[in-house]
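# A closer look at the structure
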Amino acid sequence: MTIAEMLKERDQLVEYVNICELKTPAEVAKLFEDYTKTIWDFKLVGRINDFYCDDIIINREGGSDLVGAKQVFRDTLHLMAAFPDLKLKFIDIFAEGNEADGYNFGQAIYFDGTNTGYSKYGPPTGKPLTDGDVCLGLCECRVEKVNGRWKIVEEWVTRSSAATEQTMHMNESIEEEESC
Amino acid sequence: MLADINADKIKALSEAVKNIDLKDKSDVKEFVKNYTALIYDHQMIGLIYDYYQENVEILKEDRIRLKGIEAVVQDKQELLAAFPDLKVKIENIIVSGDAENGYKIFRRMRYEGTNSGYTKYGPPTGKSLGNACLGLSMFYMDKKSGQWQITHEMDMRSIEWMEKAMTND
C-alpha cells in the first residue's frame, strides 16, 4: 500500500468518526471500529481525547485498573513503541442501547505486530505477537453523553497479557531472572 | 436443608433452559443467565454437551485454543476443581441478531471463589479470588437441527488473578 492509499483509507475512517451521530447500535459499532483503527493502525493517538472521558475507569483483567485518559495515552504509546508495525484486527463488534439511555458495545480483536522497539522489558526481541495463534483481546465499553458529547465512561478489558509480555521478553533474560 | 434448596433451584433452572426457543433478545438474555448459573454456580458441567456444537472452537487468552467439546468440558472441570465453591456474577449481557439469523452475545461477569482444590500449581492455597476477577466472553448461537447451540466462542478470564489465588507467596 502506498502512502497515498494509506492516507485515503485513513481519511475515510476519520470522516465517518467526525460525522457519526450514534443514532443506532449499528452506527455505534461502526464508529468504534473505525475510531479504534484511526488510533492504532493510523497512529492518531491524540484522538483518544474524542471519546475518552478525563476520569474514565478501565477495569482490567489483573485488577490493575486504569483511571483517567492520561493512563490510556501512556498504555497506548507504550505498546505502539514496542510494536511499531502494530495493527489491530477486528474479529467482531456489536452494540446495544439507544440515544436516550446510552450504549454498551462489546468487541473482540487481536493485535498483530513484531517487537522491534524497546519496552519496559528491555531491548526488542524480534518476536511476533501472532505466534502459532492470535493474542486475543476482549472489551466492553459504556458510552454516554457527557456535557453534550458522546464519551466512553467505563471500559472492561481482558488482553492476552502473559503472551504479550512473553513476546517482549528475551528467553535469556527470563532465565537470568529465574536463576537470581 | 441447603441441598434441597439447591436441588430445587437446579431443577427450575434446568427446566427453564430445556428445549429453549430463543424468539427474541430477552429470551437470549434469560437463557444466558440461567445456563451460566447452571454451569458455574451449580456445577452442571454435563450441560455443555446440550448447548455446544460438537466441533466448537473456543479462542482464549494467551494464544490458547480449545478444539472440540471435550476440551471445553475439561477447561470448565479444571476451573471448578480448583474453586469448588465458585460463583459467578453476571454484570451485563449484550445481544445482537435475531431468531432467523442467529445471535451474537457478549457477556461480562466476575468470578468469586476460594482455591480449595488441587491445581497444576500444587495443593490448595485457601486463597480467595476476591470480587474483581473479570471474565469477558463473546459467543455465537445458531439453531442446528432444531436445537439452539453455541457454535463459536471467545472467552477470557483474569488468569493473573486466578494464578495469584492458586499459588503461595
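If you're wondering where the values come from, they're calculated on a predicted model, not measured in any experiment. (Residues numbered from 1 in each chain as written. Chains lettered and ligands numbered in written order. Predicted model: local features only at pLDDT ≥ 70, side-chain atom pairs only at ≥ 80, totals over all residues. Heavy atoms only, no water.)

## As for the pairing of strand β6 (residues 149-159) of chain A
Each regular strand shows side chains that alternate between the opposite faces of the sheet. Residue and element names in this part refer to chain A. Going by this rule: Partly exposed residues are those whose accessible area sits between 20% and 50% of the maximum for their type, while under 20% is buried and over 50% is exposed, using a 1.4 Å probe and protein chains only. Strands are runs of DSSP state E lasting at least 2 residues, helices are runs of H or I lasting at least 4, and numbering of each runs from the N terminus. The pairing criterion for strands is at least two bridges between them, as found by DSSP.
Within β6, eight of the eleven residues are buried, which leaves the element mostly enclosed by the surrounding structure. Across five bridges, strand β1 (residues 52-60) lies against β6 in parallel orientation. Along β6, the bridge assignment pairs Ile57 with Glu154. Taken together, the ten bridges between strand β5 (residues 135-146) and β6 define a ladder with antiparallel strand orientation. Within the sheet, the bridge partner assigned to Leu138 lies in β6 and is Thr158. Once β5 ends, the chain turns through two residues before running back antiparallel as β6, passing Asn147 with a positive phi of about 50°.

## As for the sheet that holds strand β4 (residues 102-112) of chain A
All names here are of chain A. Stated precisely, the cut-off is as follows: Any two residues having at least one pair of non-hydrogen atoms within 4.5 Å are treated as being in contact. In this analysis an axis means a line fitted to C-alpha atoms, helices contributing only their contacting stretch, and an angle means the value between N-to-C directions, from 0 to 180 degrees.
One open sheet accounts for six strands, arranged β2-β1-β6-β5-β4-β3; its pairing is mixed. On the outer flanks of this sheet lie β2 (66-67) and β3 (87-98), each paired with one strand and no other. Along the sheet, helix α2 (residues 25-40) contacts β1, β3, β4, β5 and β6; its crossing angle with β3, the most-contacted strand, is approximately 150°. Sheet strands touched by helix α4 (residues 69-82): β1, β2, β4 and β6. Its angle to β1, the strand with the most contacts, is close to 65°.

## Digging into the packing of aromatic side chains
Going by this rule: Under the pairing criterion, centres of Phe, Tyr and Trp rings, with the six-membered ring standing for Trp, must be within 6.5 Å; the plane angle then separates stacked pairs below 30 degrees from edge-to-face pairs above 60, leaving the rest tilted. Geometrically, a charge over a ring is one whose NZ (Lys) or CZ (Arg) sits within 6 Å of the ring centre while staying within 35 degrees of the ring normal.
Applying the stated criterion to the full structure yields eleven aromatic pairs over all chains. When the centroid spacing of 5.5 Å and the interplanar angle of 40° are considered together, the rings of Tyr103 of chain B and Trp148 of chain B count as tilted. Here Tyr103 of chain B, found in strand β4 (residues 102-112), pairs with Trp148 of chain B, found in strand β6 (residues 147-157); they are 45 residues apart in sequence, far enough to count as distant. Residues Tyr103 of chain B and Trp148 of chain B agree in their burial class; the two are buried. An aromatic cluster of at least three residues, connected via ring pairs, comprises Phe32, Tyr35, Phe51 and Phe105 of chain A. Looking at Lys30 of chain A, its charged tip hangs above the ring of Tyr16 of chain A, at a distance of 4.6 Å from the centre.

Note that every value here comes from positions in space, so none of it alone points to a role or purpose.
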